[in-house]
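Structure at a glance
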Amino acid sequence: MPDLKLLEDLIALARTGSFVRAAEARHVTHPAFGRRIRALETWAGTPLVYRGQQPATLTPEGETLLKTALQVVENMSVARNRMRGSLAGGDAVLRIATGRSLARTLVTDWIARLRHRAPKVLTAGTRVELSTGRMEDLTTRLEHGKVDVLCCYEHPAMSVALSPQRYRYITFATDKLVPVCQVDLRGNPRHALREGGHPTPLIDYAGGLAMARILGDRLETTPYALSPFMRTDSLDAALTAVTNGLGVAWLPWSLVVGQCRRGALTALGGRGDEVAFEVRLYRPRARMSELAEAAWAATARRLP
């Protein structure tokens, strides 16, 4: 039997279709990742990947081994969760993976509901481990059983590549990107969305951010005169830039609703300028720890 990490490498390669992206997801160098795949091929006694193709494609033997790898990794994850849940005297832990901005808004609110509202799931003797990062890395953590649930954005422009045979989800919330800007001392918008004239400075997103993919099509077809002023891979940085009057940004309503209601920021345009998206909560179909199952059940019951 090969080392478990080699099976996880094969899963990462199949999911990303790229040696480079798979190496990044596995936190190793590209050459080291290639050596690990070759080591797995040596064990199997046959090529597992067609070399020189983009995207990287598994051979029929690779596809066969991939099915086994998925089962082995999932079974090991289930066994580990059960053992952790049975440790005497140990705190039960709910492990959540999500993006940085979701962590400070919807996910933190969700944790508070699990802690304070009946039925109280997060009671004495329970803990929460909240991990954030790139969605590709977080998806890998869920696939490898290192977290219980994944909370992420969902939109036609971007979708989490999780097998529906192994994972299921609930729509945790709906949100929307709304163009907002700072309000001046007279209570008027500091910037405007105009179809002509002097362009409005735009606070845009870097390509690696989920919001960049969700917003991309809308910005390409917008009739407004916009001039890119700042690009960032952080929603918090974009919000700070808007709060400081540097331009207009499309930000999640959940992130700015408080400041808009207080009059510090204002929404621009109309409903046609908003971009709706979902927030989903993913879990394995396999049985999770008792705490994770309780949190999932309580959350599903509270949804409309």
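Since the structure is predicted, the reported quantities are computational estimates derived from the model, not experimental observations. For every chain, the first residue of the written sequence is number 1, and numbering continues from 1 onward in sequence order. Reporting in this predicted model follows two pLDDT cut-offs: at least 70 for local features of residues, and 80 or more for side-chain atom pairs to be given and counted; totals over whole chains, interfaces and linings ignore these cut-offs and use all residues. The side-chain values count all of the structure's non-hydrogen atoms but skip hydrogen atoms and water molecules.

Structural notes on the overall build of the protein chain
In plain terms, the rule: The way it works is that DSSP assigns letters per residue, a run of H or I at least four long becomes a helix, a run of E at least two long becomes a strand, and they are numbered from the N terminus. Each residue is placed in one exposure class: buried if its accessible area under a 1.4 Å probe, protein chains only, is under 20% of its type's maximum, exposed if it is over 50%, and partly exposed if it falls in between. Method for areas: the Shrake-Rupley scheme with a 1.4 Å probe, in which residue coverage is limited to the protein chains shown.
Within the protein chain one finds eleven helices and eleven strands. By principal-axis analysis of the C-alpha atoms, the protein chain measures approximately 70 × 55 × 30 Å. Among the 304 residues that make up the protein chain, the fraction classed as buried is 50%. Carbon and sulfur atoms make up 51% of the accessible area of the protein chain, which amounts to about 15300 Å² in all.

Thoughts on the pairing of strand 7 (residues 200–205)
Definition in use: Note on pairing: two strands pair once DSSP finds at least 2 bridges between them. Whether a crossover is right-handed depends on one test, that the path from the first strand over the helix to the second runs clockwise when the strands point away from the viewer.
Burial within strand 7 is extensive, with five of its six residues counted as buried. Sheet analysis places strand 7 next to strand 8 (residues 226–232), joined by six bridges and oriented parallel. Note on strand 8: the bridge partner recorded for Ile 203 is Met 230. With respect to chirality, the unit in which strand 7 leads through helix 8 (residues 210–221) into the neighbouring parallel strand 8 is right-handed.

A word on the domain arrangement of the protein chain
Inclusion rule: Residue ranges for the domains originate in an automatic or database domain assignment.
Per the domain assignment, the segments making up the protein chain are domain 1 (4–86) and domain 2 (175–278). The C-alpha centroid of domain 2 is placed 40 Å from the C-alpha centroid of domain 1.

Overview of the environment of Ala 124
With respect to the secondary-structure elements, Ala 124 resides in the loop between helix 6 (106–116) and strand 4 (126–132). Spatially, the C-alpha atom of Ala 124 lies 9.4 Å from that of Ala 92, the residues being 32 residues apart in sequence.

Looking at the nonpolar core
To keep it simple, the criterion reads: What we call a nonpolar core is a set of buried Ala, Val, Leu, Ile, Met, Phe, Trp, Tyr and Cys residues that are connected through their side-chain atoms within 4.5 Å. Contacts: residue pairs with any heavy atoms within 4.5 Å of one another.
Tyr 153, Tyr 205, Met 211, Leu 251 and Val 279 are the most contacted members of the largest nonpolar core, which totals 57 residues. Per-element accounting of this core gives the leading share, seven residues, to strand 6 (residues 167–182). Ignoring any residue separated from it by four or fewer positions in sequence, one finds Met 211 in contact with Tyr 153, Leu 177, Tyr 205, Leu 235, Pro 252 and Phe 277. The next biggest cluster of nonpolar side chains, apart from the first, holds 20 residues, and it includes Phe 19, Ile 37, Leu 40 and Ala 56.

Observations concerning the packing of aromatic side chains
Quick note on the threshold: When two rings of Phe, Tyr or Trp (its six-membered ring) have centres within 6.5 Å they constitute a pair, described as stacked for plane angles under 30 degrees, edge-to-face for angles over 60, and tilted for the intermediate range. Only when the NZ atom of a Lys or the CZ atom of an Arg is both within 6 Å of the ring centre and within 35 degrees of the ring normal do we say a charge sits over the ring.
Overall, the coordinates contain four aromatic pairs when judged by the stated rule. Ring centres 5.1 Å apart and planes at 85° place the aromatic pair Tyr 153 and Phe 277 in the edge-to-face group. Placement of Tyr 153 in strand 5 (residues 149–154) and of Phe 277 in strand 11 (residues 275–284) is noted, with a sequence separation of 124 residues between them. The residue whose ring lies beneath Arg 280 is Tyr 169, and the NZ or CZ to ring-centre distance is 3.8 Å.

Structural notes on the UniProt feature "domain: HTH lysR-type" (unreviewed entry) in the protein chain
Selection rule: UniProt positions are given in the numbering used here, feature names are shortened, and annotations may be inferred rather than shown by experiment.
The sites that carry the UniProt feature "domain: HTH lysR-type" (unreviewed entry) are, in the present numbering, residues 2–59. Between the C-alpha atoms that bound residues 2–59 there is a distance of 18 Å. The span itself is 60% helix and 7% strand.

Some points on the packing of helix 1 (residues 4–16) against helix 3 (residues 30–44)
Each pair of packed helices can be summarised by the angle the axes make with each other and by the distance between the axes. Filter applied, for reference: Between N-to-C directions, angles cover 0 to 180 degrees, with each direction set by a line fitted to C-alpha atoms, over the stretch in contact for helices. The labels follow the angle: roughly parallel below 35 degrees, roughly antiparallel above 145, roughly perpendicular from 65 to 115, and oblique for the rest. A crossing counts as left-handed when the near helix is turned anticlockwise from the far one by less than a right angle, and as right-handed when that turn is clockwise.
Remark: helix 1 packs on helix 3, axes separated minimally by 10 Å, with the N-to-C direction vectors making an angle of 110°. Compared by their axis directions, helix 1 and helix 3 come out roughly perpendicular. For the crossing formed where helix 1 meets helix 3, the hand is left-handed. Residues Lys 5, Leu 6, Leu 7, Asp 9, Leu 10 and Leu 13 of helix 1 pack against Phe 33, Arg 36, Ile 37, Ala 39 and Leu 40 of helix 3.

Details of helix 8
What counts is decided by this rule: Here the arc refers to the directions that run from the helix axis out to each C-beta atom.
Taken as a whole, helix 8 has its buried residues at Ala 210, Met 211, Ala 212, Ile 214, Leu 215 and Leu 219. What you see down the axis of helix 8 is that its buried residues fit within an arc of 165°, all on one side. For helix 8, exposure combined with an orientation more than 90 degrees from the buried face picks out Asp 217, Glu 220 and Thr 221.

Comments concerning the pattern of salt bridges
Put simply, the rule is: Between Lys or Arg on one side and Asp or Glu on the other, a salt bridge is scored when a side-chain nitrogen of the former is within 4 Å of a carboxyl oxygen of the latter.
Under the criterion given, the structure shown has 15 salt bridges. One salt bridge connects Arg 26 with Asp 9, and the closest N-O pair in it is separated by 2.6 Å. A residue pair is termed long-range when its members are at least 10 positions apart, and Arg 26 in the loop between helix 2 (19–25) and helix 3 and Asp 9 in helix 1 qualify at 17 residues. The exposure classification of Arg 26 matches that of Asp 9, with both residues buried. With a shortest N-O distance of 2.7 Å, Arg 36 and Asp 9 are connected by a salt bridge. Placement of the pair is Arg 36 in helix 3 and Asp 9 in helix 1, with a sequence separation of 27 residues. A relative accessible area of 17% places Arg 36 in the buried class. Among the charged side chains, a salt-bridge network with shared partners connects Glu 8, Asp 9, Arg 26 and Arg 36.

Here we look at the confidence of the model for the protein chain
Note the following rule: Every residue gets a pLDDT, meaning the predictor's confidence in that residue, from 0 to 100.
Scored by pLDDT, the protein chain has a mean of 89; 95% of the residues are at 70 or more. The weakest mean pLDDT in the protein chain belongs to helix 4 (residues 60–85) at 77; the strongest belongs to strand 10 (residues 265–267) at 97.

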